[in-house]
Amino acid sequence: MDKYLITLLAIMAWREARGEGQEGMRYVMHVLRNRVLAGWGDWDECITKRNQFSSMGTPGDGQLIVWPDDDDISFKQVFLKADAIFNGMDEDPTDGALYYANLKTATSGWFFNNIVARPAEHPVTVKLGRHTFFK
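Keep in mind the model is a prediction, meaning the values are calculated, not measured.

Draft legend 1. The arrangement of helix α2 (residues 21–37) in detail. In a regular helix each residue adds 1.5 Å, so 17 residues correspond to 24 Å; α2 covers 25 Å between its end C-alpha atoms and thus fits that length. Taken across its 17 residues, α2 has 12 buried, putting it largely inside the fold. Buried residues of α2: G24, M25, R26, Y27, V28, M29, H30, V31, L32, N34, R35 and V36, and no others. Of the residues flanking the end of α2, it is G39, one or two places downstream, whose phi is positive at about 85°.

What follows is the structure in structure tokens.
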């Protein structure tokens, strides 16, 4: 079961943040781990629940059907990092972030109204590349 969840975690990170490099994918995986630790559900639920990570559970998202090639080096690297994060062997660089977005391309009114517009409740913890992370 762990290998399935680690693979799912790696695929989610690759789909969501491959344009941000290895560190970007690492940060996104930590957001997922933080959600699990916060009691939002188990790994599978937190990855695939609708509107959590759009590339994994939002019908119509173009990333939902994208898969890494067999020889994709970035996916092989993120898979190794996913194993470490899943097993608690990688320090969280997001300072406990539960949310993230590329604020220039995000379209969720809910996200802007409930996360971005409420900095006292959801402060920015870090910015990396085009992604902003929030508690």
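Draft legend 2. A look at the sheet that holds strand β3 (residues 131–134). Strand order in the open sheet made by the three strands is β1-β3-β2, with antiparallel pairing throughout. Strands at the two margins of the open sheet, each flanked by one partner only, are β1 (99–101) and β2 (124–128). Strand after strand, the sheet turns through a mean of 20° between neighbouring axes, direction not considered. Sheet contacts for helix α6 (residues 109–116): β1 and β3; angle to β1, the most-contacted strand, approximately 125°.

Draft legend 3. Up close: the side chain of T94. Residue placement: T94 occurs in the loop between α5 (73–86) and β1. Among the polar contacts listed, one links the side chain of T94 to the side chain of N34, at a separation of 3.3 Å. A polar side-chain atom of T94 sits 3.1 Å from the main-chain amide nitrogen of A97. Beyond its immediate sequence surroundings of up to four residues, T94 is in contact with Y27, H30, N34, T125, V126 and F133.

Draft legend 4. Representation of α6. Inspection of α6 places F111, N114 and I115 among the buried residues, and these make up the whole buried set. Burial along α6 is one-sided: seen end-on, the buried residues are contained in an arc of 95°. The elements touched by buried residues of α6 are β1 and β3.

Draft legend 5. Highlighting the nonpolar core. One finds L9, M29, L32, W43, V78 and F133 to be the most contacted residues of the largest nonpolar core, which totals 29 residues. Taken together, the elements giving at least two residues each to this core come down to α1 (2–17), α2, α3 (43–48) and α5. By residue number, the principal contributor to this core is α1, which donates 10 residues. Residues in contact with V78, not counting those within four places in the same chain, are A10, A13, W14, Q22, M25 and M29.

Draft legend 6. The packing of aromatic side chains, seen in detail. Applying the stated criterion across every chain yields a total of nine aromatic pairs. With 6.5 Å between their ring centres and 45° between their planes, F75 and F79 make a pair best called tilted. Placement of both F75 and F79 in helix α5 is noted, with a separation of four residues, approximately one turn of the helix. The class of F79 is partly exposed, set by a relative accessible area of 24%. Taking the centre distance of 6.4 Å and the plane angle of 65° together, the rings of Y99 and F111 count as edge-to-face. Of the two residues, Y99 is situated in strand β1 and F111 in helix α6; the sequence distance between them amounts to 12 residues. For the pair shown, Y99 and F111 are each scored as buried. Put simply, the rings of W40, Y99, W110, F111, F112 and F134 touch in pairs and so form one group of aromatic residues. In this structure, R18 is placed above the aromatic ring of W14, and the distance from its NZ or CZ to the ring centre is 4.2 Å.

The rules behind the values
- Residues take numbers from 1 onward in each chain, read along the sequence in its written order.
- The predicted origin of the model limits local features to residues at a pLDDT of at least 70 and limits the giving and counting of side-chain atom pairs to 80 or more, whereas totals for whole chains, interfaces and linings rest on all residues.
- Hydrogens and water are ignored here; the side-chain numbers use all heavy atoms of the structure.
- Put simply, DSSP H or I for four residues or longer makes a helix, DSSP E for two residues or longer makes a strand, and each gets a number counted from the N terminus.
- Expected span, for any helix, means 1.5 Å times one less than how many residues it has.
- Buried residues are those whose accessible area, probed at 1.4 Å on protein chains only, stays under 20% of the maximum for their type, while exposed residues exceed 50% and partly exposed ones sit between those limits.
- Here the rule is simple: two strands pair whenever DSSP picks up at least two bridges between them.
- Only the stretch in contact is used when a helix axis is fitted, and all axes are lines through C-alpha atoms; the angle between N-to-C directions ranges over 0 to 180 degrees.
- Residue contacts are defined here by distance: any two heavy atoms, one from each residue, within 4.5 Å place the two residues in contact.
- Contacts described as polar in this section are N or O atom pairs within 3.5 Å, which, within protein, must combine one atom able to donate a hydrogen with one able to accept it, while residues neighboring in sequence count only if both atoms come from side chains.
- The arc in question is the one spanned by the directions pointing from the helix axis to the C-beta atoms.
- Each nonpolar core is a collection of buried residues, namely Ala, Val, Leu, Ile, Met, Phe, Trp, Tyr and Cys, held together in the definition by side-chain atoms within 4.5 Å.
- For Phe, Tyr and Trp, where Trp contributes only its six-membered ring, two rings pair if their centres lie within 6.5 Å, and the inter-plane angle classes them as stacked under 30 degrees, edge-to-face over 60, or tilted in between.
- Cation placement over rings: the criterion is NZ of Lys or CZ of Arg within 6 Å of the ring centroid and within 35° of the ring normal.

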